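Geometric and topological summary
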Amino acid sequence: MTEQTSRQTATRRIVVAGGGPAAHRFADAMHTRGLEGWDVTVLTEEAHLPYDRVALSKALTDSSVDLTLGSASMWDHASLSLKTGERVVKINAEAKTVETAAGSIFEYDDLVVATGSDAMRLPIPGAEHVHVYRTLEDVWAINKAIAELTEKLGRTINAVTIGGGLLGLESAAGTEQLGATPVVINGAPW
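Residues numbered from 1 in each chain as written. Predicted model: local features only at pLDDT ≥ 70, side-chain atom pairs only at ≥ 80, totals over all residues. Heavy atoms only, no water.

With that settled, consider the overall build of the protein. In terms of regular secondary structure, the protein is built from 5 helices and 9 strands. Starting at the N terminus and ending at the C terminus, the protein contains elements arranged as α-β-α-β-α-β-β-β-β-β-α-β-α-β. In terms of overall dimensions, the protein is more spread out than a globule: its C-alpha atoms have a radius of gyration of 21 Å, far above the 16 Å expected for 190 residues. Overall, the C-alpha framework of the protein stretches about 75 × 35 × 35 Å when taken along its three principal axes. Burial status across the protein gives 32% buried among its 190 residues. Long-range contacts, defined here as pairs at least 24 residues apart, represent 59% of the contacts in the protein between residues at least 6 apart. Surface summary for the protein: the accessible area is close to 11800 Å², and the carbon and sulfur share equals 52%. Looking at the protein, you have 16 positive and 24 negative side-chain charges, and the mean spots of the two groups are 3 Å apart. (Helix = DSSP H or I, 4+ residues; strand = E, 2+ residues; numbered from the N terminus. Rg over C-alpha atoms; globule rule 2.2 N^0.38 Å. Buried < 20%, exposed > 50% of the residue type's maximum accessible area, 1.4 Å probe, protein only. Contact = heavy atoms within 4.5 Å. Areas by Shrake-Rupley, 256 points an atom, 1.4 Å probe, with all protein chains shown as cover. Lys, Arg positive; Asp, Glu negative; His and termini not counted. Charge placed at Lys NZ, Arg CZ, Asp CG, Glu CD.)

Pasting the structure below:
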């Protein structure tokens, strides 16, 4: 066996840091093209299969809705694995390893960073009572908070949404469907 032949038959390890739509699209493309010669590991901090974040407003009002992207059976392939609860916190490019908050270390030949965005948290007093709108857990917490506050106060509550873009308006509409009075604060002049 020559050096060139052994390189062609060696399995290449790809680690994907992130478990959102971009990570899913990459894993799905690899799965569709065939994984012979590849070993793909997707690391996500969430406990769920990758899901459609744009459709979070559906989960805000219906916690049973399934937003899973693609077919869950894709993850049954021997060369494709999804590791939930594994938030990447350190990349060592020299050693070609990633480390997760759980202390796991994964070696790679190729690394895909698909961590997506993070929700901004306001540095204001009372911020511990503010919810962000980025994950399934976030929208489920908003749903729960509206129900609990409505019951505790015995009246319709105001639900303030900061941001009048598409997701902000969908969030406000969802809070209205949950029985709150929506208030939208938008920085744009329209």
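Quick look at the sheet that holds strand E3 (residues 80–84) now. The strand order E3-E2-E1-E7 describes an open sheet built from 4 strands, whose pairing is parallel. Edge positions in the open sheet fall to E3 and strand E7 (110–113), since each of these has one partner strand only. Across the sheet, the mean angle separating the axes of adjacent strands is 15° when strand polarity is ignored. Across 6 bridges, the pairing between strand E1 (residues 12–17) and strand E2 (residues 38–44) is parallel. Bridge pairing in E2 places Val16 opposite Val42. Along the sheet face, helix H2 (residues 21–33) touches E1, E2, E3 and E7 and points at about 160° away from the line of E2. (Pairing = 2+ DSSP bridges. Axes fitted to C-alpha atoms, helices over the stretch in contact; angles between N-to-C directions.)

Along the chain, Gly164 turns up in the loop between strand E8 (158–162) and helix H5 (166–177). C-alpha separation for the pair Gly164 and Ala188, spaced 24 residues apart in sequence, amounts to 8.1 Å. What Gly164 contacts, discounting residues up to four positions off in sequence, is Leu169, Val184, Ile185 and Asn186.

This part takes up the pairing of E8. The two faces of E8 differ: Ala159 and Thr161 on one face are buried, but Asn158, Val160 and Ile162 on the other face are not. Chirality of the crossover, the property in question, places the unit of E8, H5 and strand E9 (residues 181–185) among those that are right-handed. (Right-handed = clockwise from strand over helix to strand, strands pointing away.)

Moving on: the pairing of E3. In this sheet, E3 lies alongside E2 in parallel orientation, the contact comprising 5 bridges. The residue of E3 that forms the bridge with Leu43 is Lys83.

Bringing the nonpolar core into the picture now. If you look at the biggest cluster of nonpolar residues, it comprises 14 residues, and the most contacted ones within it are Leu56, Leu67, Tyr133, Leu136 and Val139. Elements represented by at least two residues in this core include exactly helix H3 (56–61) and helix H4 (136–153). Each residue touching Val139, except ones within four places of it in the same chain, is listed here: Leu56, Ala59, Leu60 and Tyr133. Membership of the second largest hydrophobic core comes to 13 residues, among which are Ile14, Ala23, Ala27 and Met30. (Core = buried A, V, L, I, M, F, W, Y, C linked by side-chain atoms within 4.5 Å.)

With that out of the way, let us pick up the side chain of Glu86. With respect to the secondary-structure elements, Glu86 resides in the loop between E3 and strand E4 (88–92). For the buried Glu86, no salt bridge exists, and the shortest N-O distance to an oppositely charged side chain is 7.3 Å, to Lys83. At a separation of 3.2 Å, a polar atom in the side chain of Glu86 contacts the side chain of Ser104. Setting aside residues no more than four positions away along its own chain, Glu86 makes contact with Leu43, Thr44, Glu45, Thr100, Ala102, Ser104 and Phe106. (Salt bridge = Lys/Arg side-chain N within 4 Å of Asp/Glu carboxyl O. Polar contact = N/O pair within 3.5 Å; in protein donor to acceptor, adjacent residues only side chain to side chain.)

Take it as geometry only, folks, not as evidence of what the structure does.
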